[in-house]
Amino acid sequence: MKLLTLFLSFAKVGVMTFGGGYAMIPILEREIVERQGWASSEELMDYYAVGQCTPGVIAVNTATFIGYKVAGYPGGVVATLGVVFPSVVIISIIAGILTNFAELPAVKSAFTAIRVCVCVLIFNAVLKLWKGAVKDKAGLVLFLIVFVLSLFFDISPVVFVVLCAVSGLVLTKTGVRGK
Amino acid sequence: MILIRLFWEFFKTGLFAVGGGMATLPFLYDMSARTGWFTEAKLADMIAVSESTPGPIGINMATYVGFETAGVPGAVIATLGLVCPSIIIILMIARVLKQFRDSKTVDAVFYGLRPCSIALIAAAGLLVARITFLNMDALAGGFVLLNLFRWKEVLLAAVLLVMTRAVRPLKKLHPIVFIALSALVGILAGF
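Quantities reported herein were computed from a predicted structural model and do not represent experimental measurements.

1. Observations concerning the overall build of chain B
Right, on to step 1. Helices and strands together make up the secondary structure of chain B, namely 10 helices and zero strands.
Right, on to step 2. When the helices and strands of chain B are listed from N to C terminus, the series reads α-α-α-α-α-α-α-α-α-α.
Right, on to step 3. Considering only C-alpha atoms, chain B reaches an extent of 60 × 45 × 35 Å along its principal axes.
Right, on to step 4. Out of the 191 residues in chain B, the part that is buried amounts to 54%.

Shown next as structure tokens:
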């Protein structure tokens, strides 16, 4: 019964979240903290902070945390399935429709212009992330190295992620960090 | 088996994409180049649809790629692949949450990971920008700088940049508003 409530609550959060990330906080606050009382606001912020610095989508990480707290391991799994369920249904329908209409001239024109908007949105996202991510000279150097290499060479992002994790450790231990 | 490959590709993405939905973009870009499952232009369309439909953007993109590649089973498998590493990692951390938050090692690792994550997003964004703003065919018939840019697109980008960054009441609006506006401009101005 608890698992069903978990699934439905997180499916609701999934439906009401547009864009993910920070857009999700007020919705989680209302559903998880106020309505269900599964976690306090402070706990939610903790989960959120950890969710941001672990791999994967933040919404999923937060759902897994809360699900685990409410109903152990099965809870973590069920809450996650709940939060992704609406996406799978809605996107499958839209993708199916778009595939059928993709050749219409109006649809083509619309998406050509939308692509411009997507570039602007990515640019804005990078600017927003920049403040929290690049805090000193060593960070700037890491940024530049990864940026240039990934732009001009065909290297898997996995390689950069692993090397930068190691660099973070080494730079901190050797005291280069913060200069 | 396409479904097994889909699962594996998205499992890797879920394991290594740090910092939320947009962080999956460089991995999807890499996937498009290696597998040919979808084109770069299609990837930009998928971002637009993912931003303007309910659900976390990272999940929406995985579902969309999965659907494009192998229909509804693909959509389900790609999404499960993406969330699998998260579930495993978070369930391991959940028991030692406090130690994890206070760990100096974790902090050091993420000190290196954050600049990496945003550099990857920026580079992938620039590659999307290249196909959006540049006329690569124009170079074939002799180099004319004026023909290299798609001016309508550049103009629209300038307007959107001003609206999303400089005009106060507009800045706060949800991205979906700007996506809808762009679609309308695209249809009316015949992009």
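Now that the structure is up, let's keep going.
2. Some remarks on the overall build of chain A
Right, on to step 1. When helices and strands are counted, chain A shows seven helices and zero strands.
Right, on to step 2. In terms of overall size, chain A is more extended than a compact globule, its C-alpha atoms giving a radius of gyration of 20 Å where 179 residues would be expected to give roughly 16 Å.
Right, on to step 3. Expressed as lengths along the three principal axes of its C-alpha atoms, the size of chain A is roughly 50 × 50 × 25 Å.
Right, on to step 4. Out of the 179 residues belonging to chain A, those deemed buried represent 50%.
Right, on to step 5. Restricting to contacts in chain A with at least 6 residues of sequence separation, those with at least 24 account for 46%.
Right, on to step 6. Of the roughly 8300 Å² that chain A leaves accessible, carbon and sulfur atoms contribute 72%.
Right, on to step 7. Each charge class in chain A can be summarised by its mean position, and for the 14 positive and 9 negative side chains these summaries are 5 Å apart.

3. Quick notes on helix α4 (residues 58–101) of chain A
Right, on to step 1. Counted at 1.5 Å a residue, the expected span for α4(A) with its 44 residues is 64 Å, but the 33 Å between its end C-alpha atoms falls short.
Right, on to step 2. At A:Ala71, α4(A) shows its strongest bend, of approximately 145 degrees, with the proline A:Pro74 following within four residues.

4. Focus: the nonpolar core
Right, on to step 1. Ranked by size, the top nonpolar core spans 122 residues in total, and within it A:Phe10, A:Leu28, A:Phe65, A:Ile66, A:Ile122, B:Phe10 and B:Ile47 carry the most contacts.
Right, on to step 2. Aside from chain neighbours lying at most four places away, what touches A:Ile66 is A:Phe10, A:Ile32, A:Trp38, A:Leu44 and A:Tyr47.

5. Comments concerning the pattern of salt bridges
Right, on to step 1. With the rule as written, the count across this model stands at 13 salt bridges over all chains.
Right, on to step 2. Among the salt bridges present, the one from B:Arg101 reaches A:Asp46, with a minimum N-O distance of 2.4 Å. Within this pair, whereas B:Arg101 is found in helix α5 (residues 97–102), its partner A:Asp46 is found in helix α3 (residues 41–52), the two belonging to separate chains.
Right, on to step 3. Residue B:Arg101 is classed as partly exposed on the basis of its relative accessible area, which comes to 41%.
Right, on to step 4. Look at the salt bridges and you will find they share partners, linking B:Glu9, B:Lys12, B:Asp30 and B:Arg34 into a network.

6. Some thoughts on the interface of chain A and chain B
Right, on to step 1. Opposite the 88 residues of chain A that make contact, chain B presents 91 residues.
Right, on to step 2. Considering only the side of chain A, the residues that lose the most area to chain B are A:Phe18, A:Ile91 and A:Arg115, jointly responsible for 8% of the buried surface there.
Right, on to step 3. Along the contact surface separating chain A from chain B lie three salt bridges.
Right, on to step 4. Between A:Arg115 and B:Asp45 there is a salt bridge, with its nearest N and O atoms 3.0 Å apart.
Right, on to step 5. Counting the contacts that link chain A with chain B gives 13 residue pairs in polar contact (both at pLDDT 80 or more).
Right, on to step 6. In terms of residue class, the side of chain A that touches chain B is made up of 59 nonpolar, 25 polar and four charged.

7. Some details on the packing of helix α7 (residues 157–173) of chain A against helix α6 (residues 104–133) of chain B
Right, on to step 1. In contact at an axis separation of 7 Å, α7(A) and α6(B) are set at 140 degrees when each is read in the N-to-C sense. In terms of axis orientation, α7(A) runs oblique to α6(B). Crossing of α7(A) over α6(B) shows right-handed handedness. Between α7(A) and α6(B), the residues in contact are A:Pro157, A:Phe160, A:Val161, A:Cys164, A:Ala165, A:Gly168, A:Leu169, A:Leu171 and A:Thr172 and B:Thr105, B:Ala108, B:Val109, B:Tyr111, B:Gly112, B:Leu113, B:Cys116 and B:Leu120, respectively.
Right, on to step 2. Its residues assigned to classes, the contact of α7(A) with α6(B) shows 13 nonpolar, four polar and no charged.

8. Observations regarding a nonpolar patch on the surface
Residue and element names in this part refer to chain A.
Right, on to step 1. A contiguous nonpolar surface patch, about 800 Å² in accessible area, is contributed by Val 141, Ile 145, Val 148, Leu 149, Phe 152, Phe 153, Ile 155, Val 159 and Leu 163.
Right, on to step 2. Looking at the nonpolar patch, the elements with two or more residues in it are α6 (137–152) and α7.
Right, on to step 3. Take the nonpolar patch: its biggest share by element is five residues, from α6.

9. Here we look at the domain arrangement of chain B
Residues and elements named next belong to chain B.
Right, on to step 1. Domain annotation for chain B reports domain 1 (2–133) and domain 2 (137–191).
Right, on to step 2. Each of domain 1 and domain 2 has a C-alpha centre, and these two points are 26 Å apart.
Right, on to step 3. At the interface, six residues of domain 1 touch 10 residues of domain 2.
Right, on to step 4. Interface of domain 1 and domain 2: buried area, both sides summed, is about 590 Å²; carbon and sulfur atoms make up 67% of it.
Right, on to step 5. Sorting the residues of domain 1 by area buried against domain 2 places Glu 51, Ser 52 and Phe 133 first, and these three jointly supply 77% of that buried surface.

10. Brief notes about the confidence of the model for chain B
As a note on interpretation, predicted positions should not be read in detail where pLDDT is low.
Right, on to step 1. For chain B, mean pLDDT is 89; residues scoring 70 or higher make up 96% of the total.
Right, on to step 2. Ranking the helices and strands of chain B by mean pLDDT puts helix α1 (residues 2–16) of chain B first, with 95, and helix α7 (residues 145–148) of chain B last, with 77.

11. Notes on a positive patch on the surface
Right, on to step 1. A cluster of like positive charges, contributed by A:Lys131, B:Arg165, B:Arg168, B:Lys171 and B:Lys172, occupies part of the molecular surface.
Right, on to step 2. Note on placement: B:Arg168 falls in helix α9 (residues 168–171).

12. Some details on helix α3 (residues 40–51) of chain B
Two residues of an α-helix separated by three or four positions point the same way, owing to the 3.6 residues in each turn.
Right, on to step 1. Between its first and last C-alpha, α3(B) extends 17 Å over 12 residues, near the 16 Å set by a 1.5 Å rise per residue.
Right, on to step 2. α3(B) sits mainly inside the fold: 10 of its 12 residues count as buried.
Right, on to step 3. When we look at burial in α3(B), the residues that qualify are B:Lys42, B:Leu43, B:Ala44, B:Asp45, B:Met46, B:Ile47, B:Ala48, B:Val49, B:Ser50 and B:Glu51.
Right, on to step 4. If you follow the buried residues of α3(B), they end up packed against α4 and α5 (105–133) of chain A together with α2 (25–35), α4 (57–94), α6 and α10 (175–188) of chain B.

Rules and cut-offs
Residues numbered from 1 in each chain as written. Chains lettered and ligands numbered in written order. Predicted model: local features only at pLDDT ≥ 70, side-chain atom pairs only at ≥ 80, totals over all residues. Heavy atoms only, no water. Helix = DSSP H or I, 4+ residues; strand = E, 2+ residues; numbered from the N terminus. Buried < 20%, exposed > 50% of the residue type's maximum accessible area, 1.4 Å probe, protein only. Rg over C-alpha atoms; globule rule 2.2 N^0.38 Å. Contact = heavy atoms within 4.5 Å. Areas by Shrake-Rupley, 256 points an atom, 1.4 Å probe, with all protein chains shown as cover. Lys, Arg positive; Asp, Glu negative; His and termini not counted. Charge placed at Lys NZ, Arg CZ, Asp CG, Glu CD. Expected span 1.5 Å × (residues − 1). Bend = angle between axes of the 7 residues up to and from the residue. Core = buried A, V, L, I, M, F, W, Y, C linked by side-chain atoms within 4.5 Å. Salt bridge = Lys/Arg side-chain N within 4 Å of Asp/Glu carboxyl O. Buried area = accessible area lost by both parts, 1.4 Å probe. Polar contact = N/O pair within 3.5 Å; in protein donor to acceptor, adjacent residues only side chain to side chain. Nonpolar A, V, L, I, M, F, W, Y, C, P; charged D, E, K, R; others polar. Axes fitted to C-alpha atoms, helices over the stretch in contact; angles between N-to-C directions. Parallel < 35°, antiparallel > 145°, perpendicular 65-115°, else oblique. Left-handed = near helix turned anticlockwise from the far one by under 90°. Patch = residues over 30% accessible without salt bridge, like charges linked within 9 Å, V, L, I, M, F, W, Y side chains within 5 Å. Domains from an automatic or database assignment. pLDDT = per-residue confidence, 0-100.

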